[in-house]
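Each chain, letter by letter, is given below.
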Amino acid sequence: MDKIERIKLLTAELNKYNYQYYVCDNPQISDYEFDMLLKELESLEKETGHIEPDSPSHRVGGQITKQFENAKHIFPMLSLSNAYSEGEINDFLTRCLKFGNDNLDLVCEPKYDGVAISLVYKNGILDKAITRGDGVYGDVVTANVKTIKSIPLKLIGDDFPSLFEFRGEIILPFSSFDKINQERTENGNPPFANARNAASGTLKLQDSAEVASRELDCMLYSIMSEEEIAETHFETMQKAKKWGFKINDFIKKCSSIDDVMQYLKKWEGKRNNLPFAIDGAVIKVNNFKLQEEMGYTAKSPRWAIAFKYKAESVITKILSIDYQVGRTGIITPVANLEPVQIAGTTVKRATLHNADIISQLDLHYDDFVHVEKGGEIIPKITKVETELRETNAKKVEFISNCPECNTPLQQNDGEVAWFCPNEENCPPQIKGKIEHFISKKAMNIDSLGEGTIELLFDKNLIKNPADLYFLKPEQIIGLEKIIIDKNSGKERVIRLQEKSTENLFNGIENSKKTPFEKVLFALGIKHVGETIAANIANHVKSMDNLMSMGIDELTQINDVGITIAESIVKWVNSENNIKTINRLKEAGIQFEIKEQNIQSNKLDGLTFVISGVFSSPERREELKKIIIQNGGKVSSSVSSKTNFLLAGENVGPSKRAAAEANSVKIIDENTFISMINQ
Ligand code: IVH
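Computed from a prediction, not measured in an experiment: that's the story for all the values here.

Conventions we followed
Residues numbered from 1 in each chain as written. Predicted model: local features only at pLDDT ≥ 70, side-chain atom pairs only at ≥ 80, totals over all residues. Heavy atoms only, no water. Helix = DSSP H or I, 4+ residues; strand = E, 2+ residues; numbered from the N terminus. Rg over C-alpha atoms; globule rule 2.2 N^0.38 Å. Buried < 20%, exposed > 50% of the residue type's maximum accessible area, 1.4 Å probe, protein only. Contact = heavy atoms within 4.5 Å. Areas by Shrake-Rupley, 256 points an atom, 1.4 Å probe, with all protein chains shown as cover. Pairing = 2+ DSSP bridges. Axes fitted to C-alpha atoms, helices over the stretch in contact; angles between N-to-C directions. Near = heavy atom within 4 Å. Polar contact = N/O pair within 3.5 Å; in protein donor to acceptor, adjacent residues only side chain to side chain. Nonpolar A, V, L, I, M, F, W, Y, C, P; charged D, E, K, R; others polar. Left-handed = near helix turned anticlockwise from the far one by under 90°. Core = buried A, V, L, I, M, F, W, Y, C linked by side-chain atoms within 4.5 Å.

On to the overall build of the chain. A count of helices and strands for the chain gives 24 helices and 24 strands. What you see for the chain is a C-alpha radius of gyration of 29 Å, in line with the 26 Å of a compact globule of 678 residues. The dimensions of the chain, computed from C-alpha atoms along their principal axes, are 85 × 70 × 60 Å. By residue count, 46% of the 678 residues in the chain fall in the buried class. Long-range pairs, those at least 24 residues apart, make up 67% of the contacts in the chain with a sequence separation of at least 6. Summing over all exposed atoms, the chain offers an accessible surface of approximately 35000 Å²; the carbon and sulfur share of this is 47%.

Let us look at helix 13 (residues 450–458). Within helix 13 the residues assigned to the buried category are Gly 451, Thr 452, Ile 453, Leu 455, Leu 456 and Phe 457. Its buried side turned inward, helix 13 meets helix 12 (427–438), helix 14 (473–476), strand 19 (480–484), strand 20 (491–495) and helix 15 (498–510). Trailing helix 13 by a residue or two, Asn 460 shows a phi angle of about 65°, which is positive.

The strand order 2-11-10-3-9 describes an open sheet built from five strands, whose pairing is mixed. Of all the strands in the sheet, the pair left with one neighbour each is strand 2 (82–83) and strand 9 (252–254). As defined by bridge partners, strand 3 (residues 106–112) adjoins strand 9 across three bridges and the pair is classed as antiparallel. In the strand pairing of strand 9, Leu 106 is matched with Cys 254. This element, helix 9 (residues 257–270), spans strand 3, strand 9, strand 10 (278–285) and strand 11 (304–308) of the sheet and lies at about 20° to strand 3.

Taken together, 14 residues form the shell around the ligand, and within it Glu 109, Pro 110, Arg 132, Glu 169 and Tyr 221 come nearest. A distance of 2.8 Å separates a nitrogen atom of the ligand from a polar atom in the side chain of Glu 109. Note that a nitrogen atom of the ligand is positioned 3.1 Å from one of the side-chain N or O atoms of Lys 284. Burial of the ligand by the protein chains amounts to 88% of its free accessible area of 520 Å². Of all elements in the fold, only strand 3 and strand 10 reach the threshold of two or more residues within the shell around the ligand. Taken together, the residues of the shell around the ligand break down into eight nonpolar, one polar and five charged.

This brings us to the packing of helix 3 (residues 86–99) against helix 9. Direction vectors running N to C along helix 3 and helix 9 enclose 145°, while the axes themselves pass 11 Å from each other. The chirality of how helix 3 crosses helix 9 is right-handed. Residues Glu 86, Ile 89, Asn 90, Leu 93 and Leu 97 of helix 3 form the contact with helix 9, whose own contacting residues are Ile 257, Val 260, Met 261, Leu 264 and Lys 265. Residue composition of the contact of helix 3 with helix 9, by class: seven nonpolar, one polar and two charged.

Before going further, it helps to examine the nonpolar core. Formed by 56 residues in total, the largest nonpolar core has its most connected members in Leu 468, Tyr 469, Leu 520, Ile 536 and Met 543. Looking at this core, the elements with two or more residues in it are helix 12, helix 13, helix 15, helix 16 (516–522), helix 17 (530–540), helix 18 (543–547), helix 20 (562–572) and helix 21 (575–587). Not counting the four nearest positions on each side in its chain, Leu 520 is found in contact with Ile 525, Ala 533, Ile 536, Ala 537, Met 543 and Leu 546. Ile 117, Phe 164, Ile 170 and Ile 229 belong to the second largest nonpolar core, which has 40 residues in total.

Structure, rendered in structure tokens:
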């Protein structure tokens, strides 16, 4: 047998052993024998340079990806609508009964809590693995996904479509998650907040060999193809099993409301004993024709629903209360807790939001409290176990002075939050404002981080954003500071060496090109978020105009109400802020909408709504810009005030219906461009 033939034989044999081990849970040879055969294959591949596309040697990783390529999904990746109560599930089932002529043919599955992935198979070979991304475009992470041994690289049989996408969820079992976090903490890296974040971080690692060591797994739940595979979802999944996919037995056919309710209850009970995270159950209409009839909303199918389980709640003890000062001076109380495991992670802190919540809970020191954590949300305290309270326990009284600068706190009429009014001298407020100024959506100076700001502030070199533009290299080269990492509690050294100083100055210099609307957002005026800042900048055209406007004039601007107007007037009249603006102007920051941005008034007085999928997310942004540059307005919802619905592919049915109901003209991209070019 020649070497190439031996490579082919070993590839097929090893894939068979992998399949039996990882998919069928039925090992045929020992690990040692497997490793010996794999070693032989690897050395033959090295010697001949011949590697089969489904070679198991891809599974051990080794490929380094510097930057993940982008690819378009053949079918957009939608999401599911959520239900939180039996009532909502009943509504869904009633709709299914109506469409199904009083019959229910449903499938229930767990809702896996991981990272969505699309596996593209071409002629039975895994061609690409693409992350969800924005639903239209995602990152190509094939080398990393190939390390997941339950995912077949080559399919068995020949009755599969020549091209299809298999959608699933990449998950990280709790056992691997704990191991990774332990290692990260030992190495001084912040631990991942949950198994989903860890799976997502792992999938984006550049070194696929490291991915291979992390034991990711994949739960598959839907096949997308132009070719018909079977009449129902359930049959399709059973066929996929024959092609070598790991299809678990968690999927169940249900034909009555009772069946569904039983499934939901059973899995809610099971979720705490599973080796991986689920956050609900998914109910799907089984028959594809019926799915088609029920259709889609803009974001999700109408033929499926996710029932989300309530966040897990655990009892623990309050150790102490910290008071954090935000960039606008608002004080947030945070409870330090006796560490406790919730949904697979250790929780040590929980937010108490504000003084009202503390009094509503009637919180006392050393109280035992119920803590809940749901997905990304910061853990919160939901209830106090008053029966477990010591008789002499002291009530938690909200502080009356700022914990950082000792200024007496104030509260605005009608607002629950207490704040420190010492905007100009309270350290966390100053640092927070500078952090906001340099953030991605503002001036985007990514060479400056929280640690460097802390260092420059400590050395008295920056007290407001304008100071950044007057720094000199000789003032900062060689500075260093030890900071404590907020997450791990470990020490980290910030040191400004020549190279980092050069990057820092390049970043500061580049930020001078930031357009006015982002500069306005960067100033951090209370209530002026990203969108409002863009509306205001497009309306007023310059900072000088804005500074001369009164409340009445300001409220004429789209989406600017009295609260925002008052906040702006107060901000622009502060002596300190006027000084900052003047120094930023001196530094060369853009305080005007560039004239060249306004190209025509062809769309004056016309309001557009953009909907659907365009060639890329950037294209959608460009179209928005073209409308504004030519005098038009962009709104997010269709109403009688809308003139045109600019439609890409797959326009949401609700937008289309609203356009038809209001006689709004629906135009495509070409028609729109010819309107501009006329
Ligand atoms: S079916 C049209 N089935 O939950 C979307 N999704 O917000 C069809 N998920 O994007 C998805 N388990 O990433 C489906 N058994 C399951 C699932 C599941 C988890 C994820 C998926 C989806 C998200 C919904």
